Protein chains: 2
Amino acid sequence: MQTTSVTRTGDCGHLIFSFLDSSFRSRVHASMHFTKMTSNSKKGRHSYLMVVAGALLCMIVGLGVGLIIGFLVDPKDPGDNPTPRLDKRAEYREAVKASNIRENLRELTQKPHVAGTEADLETAQAIKSKWLENGIDEAYLVPYRVLLQYPPDDESAANRAQILDNGGNVVFETALKSDPLGEDILTQDGIPAPFCAYSASGDVTGELVYCNYCTLDDLEYLSNTLLPGVNLTGKIFISRFGGTGRSTKVVNAQSYGASALLIYSDPADYSVNASLGLPYPNGPFLPPTAVQRGSIFVGVGDPLTPGYPSTDGAFRLDESDAGLPTIPVHPINYGDAANLLRRLTGPRPPLDWQGNLEGVNYEVGPGFKGVDSGRQVRVVVNSYSEQRLAYNVIGFIHGEIEPDRYVIIGNHRDAWGLGAVDPTSGTACLLEITRVIGDMKKNGWRPRRSIVFGSWGAEEYGLIGSVEWTEEYYHLLGSRSVAYLNLDIAVAGNYIFRPSASPHISPVMIEAMKNVLDPAPSYEGQSIYDSFLNKSDYNKDNLDESFIIPRIGAGSDYYGFVYGVGVSCLSGYFFYDADTYPTSFYSLYHTQYETFRLMEEFIDPGFVSHRAVSQIFGDMLLNLADSQVIPANVIHYSNYLFLYYSRLNVTSYRDKLVDHGLSMTYLERALLEFMRTTDTFQREIVPSVDKNDPLAVRAINDRIMLLERAFLDRNGLPGQPTERHTIFAYPKNQKAPYNTFPGLVDAIENIDENDPDADWSEVEKQLSILSYIIHSASSTLKREGAWTEVMPNGV
Amino acid sequence: MQTTSVTRTGDCGHLIFSFLDSSFRSRVHASMHFTKMTSNSKKGRHSYLMVVAGALLCMIVGLGVGLIIGFLVDPKDPGDNPTPRLDKRAEYREAVKASNIRENLRELTQKPHVAGTEADLETAQAIKSKWLENGIDEAYLVPYRVLLQYPPDDESAANRAQILDNGGNVVFETALKSDPLGEDILTQDGIPAPFCAYSASGDVTGELVYCNYCTLDDLEYLSNTLLPGVNLTGKIFISRFGGTGRSTKVVNAQSYGASALLIYSDPADYSVNASLGLPYPNGPFLPPTAVQRGSIFVGVGDPLTPGYPSTDGAFRLDESDAGLPTIPVHPINYGDAANLLRRLTGPRPPLDWQGNLEGVNYEVGPGFKGVDSGRQVRVVVNSYSEQRLAYNVIGFIHGEIEPDRYVIIGNHRDAWGLGAVDPTSGTACLLEITRVIGDMKKNGWRPRRSIVFGSWGAEEYGLIGSVEWTEEYYHLLGSRSVAYLNLDIAVAGNYIFRPSASPHISPVMIEAMKNVLDPAPSYEGQSIYDSFLNKSDYNKDNLDESFIIPRIGAGSDYYGFVYGVGVSCLSGYFFYDADTYPTSFYSLYHTQYETFRLMEEFIDPGFVSHRAVSQIFGDMLLNLADSQVIPANVIHYSNYLFLYYSRLNVTSYRDKLVDHGLSMTYLERALLEFMRTTDTFQREIVPSVDKNDPLAVRAINDRIMLLERAFLDRNGLPGQPTERHTIFAYPKNQKAPYNTFPGLVDAIENIDENDPDADWSEVEKQLSILSYIIHSASSTLKREGAWTEVMPNGV
């Protein structure tokens, strides 16, 4: 899973629920047609506690039509479809075996399988063979030649940070390789030495500065308040992981003139606390030797082929034109970080800048104090880049009735080492899913629609395998894909299932969660859905189904599907209780200690959470592949649009727009049209379809399938030309307080508030595009020909 | 019809067959796998004589599969489909009445109906009423608020050119308004005074220079050879119409520093020759008082909203940012032109610069000779721009079996005056088509698929109504449109039917032409198809059906459909014998003399050509709307790709690519894949489809429908971001010798041949995009899941 290759908030992990964020947790004062949206909240920034999106009472004015979007009234239970095919989901769920998943994981974690290595190809071939053996109709290796990067092979050239005395002698040096902590498995070749993929090479010496999470706010505070008058140019920055993505830290550090960036995992962010559990190898928590690896490229896909697939013969940018980092960046463990940080001089920052390193006061520098005064830090990065093959494996089961409609399920395969959590827990589940589905096929069953299986390569470098594939086949996938189900990490804890989904497809997730029992003894007899609500502190008396499943993020392979092609996505994984263990992400994320033993002994003994995930995903897969009418609820989409609209109201955005003479009328008109249209579609058109008329059913399904596509602007988003989703792409500007309409938010945030002569035309343009796209999306749901004759103003 | 708003060759009229141009007329030496492509030719640049694309014998090597693409062997006669529905085409054709069309045209030419005027709205309302009366299910006005321009209302401010003596006195002045030549109909309000839409306003004085057609070649020759050392900056240019589009002349004149541009119609280009016929009002030819109007904007659609619809609330550019002409441009009649040209001094140019104006030697200037020496020319343009409503009328007949599949037929409605030829001959036909179809519906018939009728507004200003509509609904249209049939001018002569079509849909055109009799007495008993072949001098012994119907152009409302949305298009109209009457386009094109009398007395007495056009279009409409399997032949598409590929071979392009180290391998590989795929699809998949399985048939039809879409690059073409068709869009660079792969050709032509250090990376990129898109298009035709496992080079 990528938490950092994309410079966004809310792209994964603990941030996945950020759409229900603090600004929204407070009472929402929705102006216009919303009378009340209530919400409640719990706990602080590291929790993912749930919120209630309250009664959404909408009075549609302006066109004289009153509509009430009911509360918890699902106009059509997707499970009700009288389908001529047997529902095989119960049989499927029953057949999933935890012991198989355990064995899959054990086999897959015998060797590190970093993208582009021989071991990665071996796993690809193994997956392909397994799928064919399981009974999948077809399976292919689909490789792309992409730019990858590796730490130096020779330890003498290893990446490192050092403290040099005034004579240039090395006083201290960070670990040159991964400490195996006595685990035999880790002494094998292939666990890469610590590095950040796509770092610039370099050998830089300078004074160290501590910059907290290296967010723009942090650097502004550092520059203006903590170290006013200090020239940060040429300083070596040290940041802790968390707060924002890796690549964003790099962009920010570069913009403040850093000559190099060190990043470490602070115990404060990764739960190293004896009262909670022990560090690896005696528990699932971070030892001082663990280093988080990861990509620091800000884009997605092969950096050399933006917008196009990296096939043979593809045009490739020079590396110098690819927007890669320009400074050396190196990740270090917190044992080494403490050795650097405790020597820093300078002011001691406020509490929220202070981590939990023993003996460290988190002075920010610049430079060292006491005996270390005058000593410099040296950062050496010698990683080398190469174009290598990243292998996808694509499998196929042909549908019986609608073979040209695809339900796709995928999971990346490459890992930063053994990857027992990320992503091999998912790969182990996907193999079990294919086994059960394959058995069903061997017994004569075939899905109504085709099922496509994807095992993606080089996800850790920036979602490369899946992005290249969606680039190569976007016409094909855009015309045939009903949904994409994303497995990545399947199990990083055994407490709560964390789902996410595109709005109108979320009923599929809810139904699957209702169909699977929570494996935890303390929740015996509860479905995953019920326990999810209980654990999440949703207010069950005041629940809008539209908002139960959080929106899809951007940190895994769904990215290319949803933002590039416009395919609705579903994702989810098991996690620990982040209230009890407040962490930035699971402790050993992307470290060398993601071992089978970690999973079996500490995270998911018995593999019961793996089993539950496999049951949920298979249930969704079969529901989508077999249902006669796609079990969606398009009203969820309009509710999301109104939620996002309400966020414009409750912040300064609406005031700013109105202050600058921009009218909300057209956006509001488009929203109301979309609300009416989704309501009519879901409550009248879908229920009245003649189930005996295959083309009538197909017409309904096509509208459902293509709704997500309708929100893509073929012209791309401003400043993000390969992102096209006008609703759910993420604003590029880091100042955006939370997720809502990315083009509009970026345009507003890019304006200097203090400039009275600022040009608001880009804001006007984005507001107009948003209105147009929503109106256009309505047309795709309407019965053919139902253009209404609305004369423009003044006619 | 737009001949000039788009800076392209081959966009209409006599250029429509330019794909079979002189470079291709010579024997084609196709390298690689082509053994022979023969062709023959006839006559010069103003003829549109046909060519034979000879036997295309393809040996597919490399994968060990031999394929012969047969000659005249249609793998599947589209008429063969056993469809459960009655074929209503004969009944339809029989019902079309010339007298009705005559009456339609008479009514519609009672008043000028320029876009944005009250009369234009009245025609829109009339069309809507008529359609509903005829039995169309639904009809709506769909207006857009767009930038339009008009000549000054007040004659004292009228646009004009003058000759000033040294004291500033007016020695000569061009006509300030349209001379009605005694036609009562033309004395009514509403025929606009001569103007070029979107000219800059201005009042400019300077020396006159004659620049022939104002092509880049002309201006280079003028500057380097005819007037070396003369500074052209600030000169007023005078050009004749023809040779290139209006807007291209303006762009070129601006690039050479002209302060203003006058454009006139030379008798040499518009057949003013007593032996052929008389000028209006005594014949169909150009009198000295006639002025061609037209748009000079280089883009399409509303200039203020590129890429987005001009709805209320839409963001609009400032006019100064819209790429509008920056100099005054004014069209004049040839009587006035002679008065200017005969006074010019300077060298007499070569013969191909000389027209047929009596007493004019076509000296190029600068400035005047003899008594006029020292006298200056003044150009005054006071046209005013306004945002006004352009009305589309959209009609709808719901399909019985596949209502969510659209066959669209459209025709623009606005004219530069009465527009009896352009476009009202088409409007008159479309009304008759709706009457007959409506009658069929009243008698209980309903088409299998839905039929959409479009009456477009403001086409003459730059295809505005249709482009805005396709921008607003591109998601909807992209997912549902089977084809677009374009009527514009229906009849500009009574000799030959000139068809054009997207490659794989052309069998529909051929079939319709076979089903309709040629109305000319001298071709009695021959079908339009047979007489077309005879008149075109095709070599019937050596005919490839793929190339019988020329490719679609860019000069009418199909533009937004095919290049923006990727909808396959069909178009056609009757024309005179351009061998006998060599003209740039029909004589009275866009002049004030496009009257009902012109049509009835001189162009189509008896309206038999109108009837034939209506029969052909109705036949195509019903064939597309009623056939169970869409009657296409995708092999035509691959043959076109190979034709375009062969053009790379027979020019210097291939050599240049190879000389610069660029490999043709990937393009050739993609082409062969596409050829194999289309062959399999057409010869195996289509014939074997189970006609009793509605979803299997739909799956076939969807692939056919979406094939054109598959050639769009969502990222846009280089320098033409709102054009996406990688095969059939037109190169932007005027140096491109003929139409083939626009992105690649532009990239090559944009390189300075004399610069050994020129950067070829854009060429490499475009070559790679082309290969990728063709490969990607293959995937959309393949049976699902049929990815082949081709390992990249070196594996």
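What you are looking at is a predicted structure, and each value in this text was computed from that prediction instead of being measured. (Residues numbered from 1 in each chain as written. Chains lettered and ligands numbered in written order. Predicted model: local features only at pLDDT ≥ 70, side-chain atom pairs only at ≥ 80, totals over all residues. Heavy atoms only, no water.)

**Observations concerning the overall build of chain A**
So, point 1. Within chain A, the regular secondary structure consists of 21 helices and 17 strands.
So, point 2. Scored against the burial criterion, the 795 residues of chain A give a buried share of 68%.
So, point 3. In chain A, of all internal contacts separated by at least 6 residues, the share reaching a separation of at least 24 is 79%.
So, point 4. For chain A, the exposed surface amounts to about 24200 Å²; the carbon and sulfur share of it is 48%. (Helix = DSSP H or I, 4+ residues; strand = E, 2+ residues; numbered from the N terminus. Buried < 20%, exposed > 50% of the residue type's maximum accessible area, 1.4 Å probe, protein only. Contact = heavy atoms within 4.5 Å. Areas by Shrake-Rupley, 256 points an atom, 1.4 Å probe, with all protein chains shown as cover.)

**Overview of the interface of chain A and chain B**
So, point 1. Facing 75 residues of chain A, the contacting portion of chain B comprises 74 residues.
So, point 2. Between chain A and chain B, a total of about 6900 Å² is buried, with carbon and sulfur atoms accounting for 57% of that surface.
So, point 3. Viewed at the interface, chain B and chain A are joined by two salt bridges.
So, point 4. Notably, a salt bridge pairs Asp702 of chain A with Arg405 of chain B, separated by 3.6 Å at the nearest N-O pair.
So, point 5. Between chain A and chain B we count 34 residue pairs in polar contact (both at pLDDT 80 or more) in total.
So, point 6. Taken together, the elements giving at least two residues each to the side of chain A that touches chain B come down to β1 (138-150), β12 (384-397), β13 (402-412), α9 (464-472), α10 (474-480), α19 (694-707) and α21 (761-781) of chain A. (Buried area = accessible area lost by both parts, 1.4 Å probe. Salt bridge = Lys/Arg side-chain N within 4 Å of Asp/Glu carboxyl O. Polar contact = N/O pair within 3.5 Å; in protein donor to acceptor, adjacent residues only side chain to side chain.)

**As for the sheet that holds strand β3 (residues 170-173) of chain B**
Residue and element names in this part refer to chain B.
So, point 1. Across the sheet, which stays open at both edges, the four strands sit in the order β3-β2-β11-β5 with antiparallel pairing between neighbours. Each end of this open sheet is capped by a strand with a single partner; those strands are β3 and β5 (202-206). Neighbour-to-neighbour, the strand axes of the sheet open up by a mean angle of 20°, direction not taken into account.
So, point 2. The pairing of strand β2 (residues 160-164) with β3 spans three bridges and is classified as antiparallel. (Pairing = 2+ DSSP bridges. Axes fitted to C-alpha atoms, helices over the stretch in contact; angles between N-to-C directions.)

**What about the packing of aromatic side chains?**
Residue and element names in this part refer to chain A.
So, point 1. Evaluation of the coordinates by the stated rule reveals 80 aromatic pairs over all chains.
So, point 2. Ring centres 5.1 Å apart and planes at 50° place the aromatic pair Phe585 and Tyr586 in the tilted group.
So, point 3. Its relative accessible area of 3% is what places Phe585 among the buried residues.
So, point 4. Relative accessible area serves as the criterion here: at 3%, Tyr586 is assigned to the buried category.
So, point 5. For the ring pair Tyr637 and Phe711, a centre distance of 4.6 Å and an interplane angle of 5° mean the geometry is stacked. Placement of the pair is Tyr637 in helix α16 (residues 635-650) and Phe711 in the loop between α19 and α20 (742-749), with a sequence separation of 74 residues. (Phe/Tyr/Trp six-rings, centres within 6.5 Å; stacked < 30°, edge-to-face > 60°.)

**Some remarks on the relation of the copies chain A and chain B**
So, point 1. Rotating chain A by 180° and moving it 0.1 Å along the rotation axis overlays it on chain B with an RMSD of 0.0 Å. Expressed as an axis order, the relation between the two copies is that of a two-fold axis. For chain A, the minimum C-alpha distance to the rotation axis belongs to Arg714 of chain A and amounts to 3.1 Å.
So, point 2. Looking at chain A, 99% of its interface residues are interface residues in chain B too, so the copies touch through the same face. (Least-squares fit on C-alpha atoms with pLDDT ≥ 70 in both.)

**A word on helix α16 (residues 608-626) of chain B**
So, point 1. If you check α16 of chain B, its first and last C-alpha atoms are 26 Å apart, about what 19 residues at 1.5 Å a residue would give, namely 27 Å.
So, point 2. Among the 19 residues in α16 of chain B, 17 count as buried, and that is most of the element. (Expected span 1.5 Å × (residues − 1).)

**Let's talk about the pattern of salt bridges**
So, point 1. Inspection of every chain in the model, using the stated rule, returns 76 salt bridges over all chains.
So, point 2. A salt bridge links Glu402 of chain A to Arg448 of chain A; the shortest N-O distance between them is 2.8 Å. One end of the pair, Glu402 of chain A, is in strand β13; the other, Arg448 of chain A, is in the loop between α8 (424-442) and β14 (449-456), and 46 residues separate them in sequence.
So, point 3. A relative accessible area of 1% places Glu402 of chain A in the buried class.
So, point 4. A salt bridge links Asp120 of chain B to Arg413 of chain B; the nearest nitrogen and oxygen atoms lie 3.1 Å apart. In this pair, Asp120 of chain B is assigned in helix α4 (residues 118-134) and Arg413 of chain B in the loop between β13 (402-412) and α9 (424-442), connecting sequence segments 293 residues apart.

**Section: the confidence of the model for chain A**
All names here are of chain A.
So, point 1. Residues of chain A with pLDDT of at least 70 account for 88%, and the chain-wide mean is 88.
So, point 2. Overall, residues 4-83 carries pLDDT values under 50, and its contacts beyond four positions in sequence, including any with other chains, amount to 221 contacts.
So, point 3. Among the scores for the predicted complex, ipTM is 0.90 and pTM is 0.91. (pLDDT = per-residue confidence, 0-100.)

**Considerations on the pairing of strand β17 (residues 569-575) of chain B**
Residue and element names in this part refer to chain B.
So, point 1. Counted residue by residue, β17 has seven buried out of seven residues, so it is predominantly covered.
So, point 2. Residues Cys569, Ser571, Tyr573 and Phe575 point to one face of β17 and Leu570, Gly572 and Phe574 to the other, with burial holding for every one of them.
So, point 3. Across three bridges, the pairing between strand β15 (residues 481-487) and β17 is parallel. By the bridge assignment, Tyr484 is partnered in β17 with Cys569.
So, point 4. Where strand β16 (residues 496-501) and β17 come together, six bridges link them in antiparallel fashion. Note on β17: the bridge partner recorded for Arg498 is Tyr573.

**Remarks on the environment of Pro694 of chain B**
So, point 1. Here Pro694 of chain B shows up in helix α20 (residues 694-707).
So, point 2. Separated by 17 residues in sequence, Pro694 of chain B and Phe711 of chain B place their C-alpha atoms 27 Å apart.
So, point 3. Residues contacting Pro694 of chain B, with those up to four places away along its chain left out, are Pro694 and Leu695 of chain A.

**Looking at the sheet that holds strand β11 (residues 376-381) of chain A**
All names here are of chain A.
So, point 1. Spatially, four strands are ordered β3-β2-β11-β5 in an open sheet, and the strand pairing comes out antiparallel. Each edge of the open sheet carries a strand with a single partner, namely β3 (170-173) and β5 (202-206). The sheet shows a mean angle of 20° between the axes of neighbouring strands, direction not considered.
So, point 2. Contacts from helix α7 (residues 334-341) reach β2 (160-164), β3 and β11 within the one sheet, and its direction differs from that of β3 by about 145°.

**Comments concerning a negative patch on the surface**
So, point 1. A cluster of like negative charges, contributed by Asp759 and Glu762 of chain A together with Asp318, Glu319 and Asp321 of chain B, occupies part of the molecular surface.
So, point 2. By the element assignment, Glu762 of chain A lies in helix α21. (Patch = residues over 30% accessible without salt bridge, like charges linked within 9 Å, V, L, I, M, F, W, Y side chains within 5 Å. Lys, Arg positive; Asp, Glu negative; His and termini not counted. Charge placed at Lys NZ, Arg CZ, Asp CG, Glu CD.)

**Some words on the packing of helix α3 (residues 98-108) of chain A against α8 of chain A**
Residues and elements named next belong to chain A.
So, point 1. Viewed as axis vectors pointing N to C, α3 and α8 meet at an angle of 130°, and their least axial separation amounts to 8 Å. Considering the angle they form, α3 stands oblique to α8. Two packed elements cross with a definite hand, and for α3 against α8 that hand is right-handed. Residues Asn100, Ile101, Asn104, Leu105 and Leu108 of α3 form the contact with α8, whose own contacting residues are Thr424, Ser425, Thr427, Ala428, Cys429, Leu431, Glu432 and Arg435.
So, point 2. Along the lines of polarity and charge, the residues of the contact of α3 with α8 split into six nonpolar, five polar and two charged. (Parallel < 35°, antiparallel > 145°, perpendicular 65-115°, else oblique. Left-handed = near helix turned anticlockwise from the far one by under 90°. Nonpolar A, V, L, I, M, F, W, Y, C, P; charged D, E, K, R; others polar.)

**Focus on unusual backbone geometry**
So, point 1. In this chain, Tyr280 of chain A is followed by Pro281 of chain A through a cis amide linkage whose omega measures 10°.
So, point 2. Its location among the elements puts Pro281 of chain A in the loop between β8 (260-264) and β9 (294-295).
So, point 3. In the segment running from Gly365 of chain A into Pro366 of chain A, the intervening peptide bond is cis, with an omega of 5°.
So, point 4. By the element assignment, Pro366 of chain A lies in the loop between α7 and β11.
So, point 5. We note that Leu181 of chain A has phi near 50°; this positive angle belongs to a residue other than glycine.
So, point 6. By secondary structure assignment, the location of Leu181 of chain A is in the loop between β3 and β4 (196-197).
So, point 7. A relative accessible area of 26% places Leu181 of chain A in the partly exposed class.
So, point 8. The backbone phi angle of His590 of chain B is positive, close to 65°, even though this residue is not glycine.
So, point 9. Its location among the elements puts His590 of chain B in the loop between β17 and α15 (596-603).

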